[in-house]
Amino acid sequence: MIQVQKSYTMLRRQMLGCAIVLGTLFVLLLVAVGVMHHHTSLQGSGSSLLRTDVALLLAYGIAGVVVLKQRSCNANTAAIVGAQIGLLLGAVGIANHLIEAFVPIRPFVLIIAPVLLTLALLGAAGAVAWERTGSLFLAVCGGVWCAIVATLITLCFAISFNLLFAARVDWQLREAFAASGMSDPGGFRVKNILEASSEILVRMPLLAICLAFAGAVIHAWMSRESRRMLVVSAGFLAPLLFVVGASALWHANAIERAARPPFVMSGVLLTGVALCAAYPIWSVLHVSRGRSRDAVKS
């Protein structure tokens, strides 16, 4: 039975590694198609953006190879946990892109919901990986795998959408294109793809490192505290942090862009900590209820 489970874990690890490598190659192919059709996208900073994207995607591909060569059972567990949550996060990225494409005037809820889900899922990836492995390092690795899978899924969909529905995307970017000074709207669209890709390729893993570490640390701390401390955390501290952080983000959305950074940073920090605590609170409460039922039965 143990041998069968190890074989199944190895198969899933191999599938994950191959999926990351193939996803990386597909994104590189999409970028190459866009650039070849619109050489003007390489004007100005476009060429440096392309080199940055290629270098970052090669790093993602190397990460896939690392997964393929991994033999540690705990490392495989962390990678699989991260990939599973990464699939959910990738679905969030796809939904957010579709909302941006088809809902030009979005209410604040539709703007902030994907951000909050991203924070919660990255924090959960670290917490679950720590729960399964007991290692903070592997918990952070789980968060990074989550970010890699989600980023590749989002980029595959978003770039394909932008290339297939070029006329719609060009119409959405018309004001930015007019201010850019470029003469080719297609070239501007592809350059926009290159810029957005470089941002998400860097930001997602960095965000994952911070949030996965926070989720793992919170889970480790709560697992060692008494039930009374857990109730205080679950019933007061986490909701309070979330409300204060969400209020800061709401306020930032209502003021001038130049005055937003302090409120956005504080709002993301507070809501991020609160959401990172969501899975640890649920997990520890679930375990506590299970022990209580077992005690009653005995």
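Please refer to the structure higher up on the page.
Per-chain numbering applies: the sequence of each chain, read as written, is numbered from 1 onward. At least 70 in pLDDT is required for a residue's local features to be given in this predicted model, at least 80 for side-chain atom pairs to be given and counted, and no such filter applies to totals for whole chains, interfaces and linings, which use all residues. Calculation of side-chain values draws on the structure's entire complement of heavy atoms; hydrogens and water are dropped beforehand.

Novice: So what's going on with empty space enclosed by the protein? Which residues, and what values?
Specialist: Each cavity reported here is a set of points on a 1 Å grid over the protein atoms alone in which a 1.4 Å probe fits but cannot get out, each pocket an open set with protein on both sides within 12 Å along at least five of seven lines, and each lining residue one with an atom within 4 Å of a point. Grid points are joined across faces, edges and corners, and a volume is the space filled by probe spheres set on the points. Counting across every chain of the model gives one cavity of 30 Å³ or more. Here the largest cavity defines a volume of roughly 40 Å³. Counting only elements with at least two residues in the lining of the largest cavity, the list comes to α1 (2-37), α5 (136-164) and α8 (185-224). Here the lining of the largest cavity is built from residues that sort into seven nonpolar, one polar and no charged. Only DSSP runs of H or I reaching four residues or more are called helices, and only runs of E reaching two or more are called strands; each is numbered from the N terminus. Three classes are used, and their members are as follows: Ala, Val, Leu, Ile, Met, Phe, Trp, Tyr, Cys and Pro are nonpolar, Asp, Glu, Lys and Arg are charged, and the others, Gly among them, are polar.

Novice: Got a sec to walk through the packing of α5 against α8? Specific residues and values, please.
Specialist: Every angle, taken between N-to-C directions, lies between 0 and 180 degrees, and every axis is a line fitted to C-alpha atoms, over only the stretch in contact when it is a helix. Between α5 and α8, whose axes approach to 8 Å, the crossing angle comes to 155°. By the angle between their axes, α5 is roughly antiparallel relative to α8. In this structure, α5 meets α8 at a crossing whose hand is right-handed. Considered class by class, the residues forming the contact of α5 with α8 number 20 nonpolar, five polar and one charged. Oblique is the label for any angle not covered by the other classes, which are roughly parallel (under 35 degrees), roughly antiparallel (over 145) and roughly perpendicular (65 to 115). Crossing handedness is read from the near helix: turned anticlockwise from the far helix by less than a right angle, it gives a left-handed crossing, and turned clockwise, a right-handed one.

Novice: Just give me the short version of the side chain of Arg-189, but keep the residues and values in it.
Specialist: Note that Arg-189 resides in helix α8. Throughout, a residue-residue contact means that at least one pair of heavy atoms, one from each residue, lies within 4.5 Å. Setting aside anything within four residues of it in sequence, one finds Arg-189 in contact with His-38, Asn-162, Leu-163, Ala-166, Val-169, Asp-170 and Leu-173.

Novice: So what about the packing of aromatic side chains? Which residues, and what values?
Specialist: Aromatic contacts are taken between Phe, Tyr and Trp rings whose centres are within 6.5 Å, Trp giving its six-membered ring; a plane angle under 30 degrees counts as stacked, one over 60 as edge-to-face, and the others as tilted. Per the stated rule, a full pass over the model turns up six aromatic pairs. Their ring planes at 85° and their centres at 5.9 Å tell us that Phe-102 and Phe-161 sit as a pair that is edge-to-face. Of this pair, Phe-102 sits in helix α3 (residues 73-102) while Phe-161 sits in helix α5, placing them 59 residues apart in sequence. Of the aromatic side chains, those joined through ring pairs into one cluster are Phe-102, Phe-157, Phe-161 and Phe-165. When the ring centre of Trp-171 is taken as reference, the NZ or CZ atom of Arg-174 above it lies at 4.1 Å. Two conditions define a charge located above a ring, namely a distance within 6 Å from the ring centre to NZ of Lys or CZ of Arg, and an angle within 35 degrees of the ring normal.

Novice: Let's hear about helix α2 (residues 46-69): which residues, and what values?
Specialist: By this rule, a helix spans an expected 1.5 Å times one less than how many residues it contains. In a regular helix each residue adds 1.5 Å, so 24 residues correspond to 34 Å; α2 covers 35 Å between its end C-alpha atoms and thus fits that length. Categorising residues by exposure relies on relative accessible area from a 1.4 Å probe, with only protein chains included: less than 20% of the type maximum marks a residue as buried, more than 50% marks it as exposed, and the intermediate range marks it as partly exposed. Of the residues making up α2, those classed as buried are Gly-46, Leu-49, Asp-53, Leu-57, Tyr-60, Gly-61, Ala-63, Gly-64 and Val-67.

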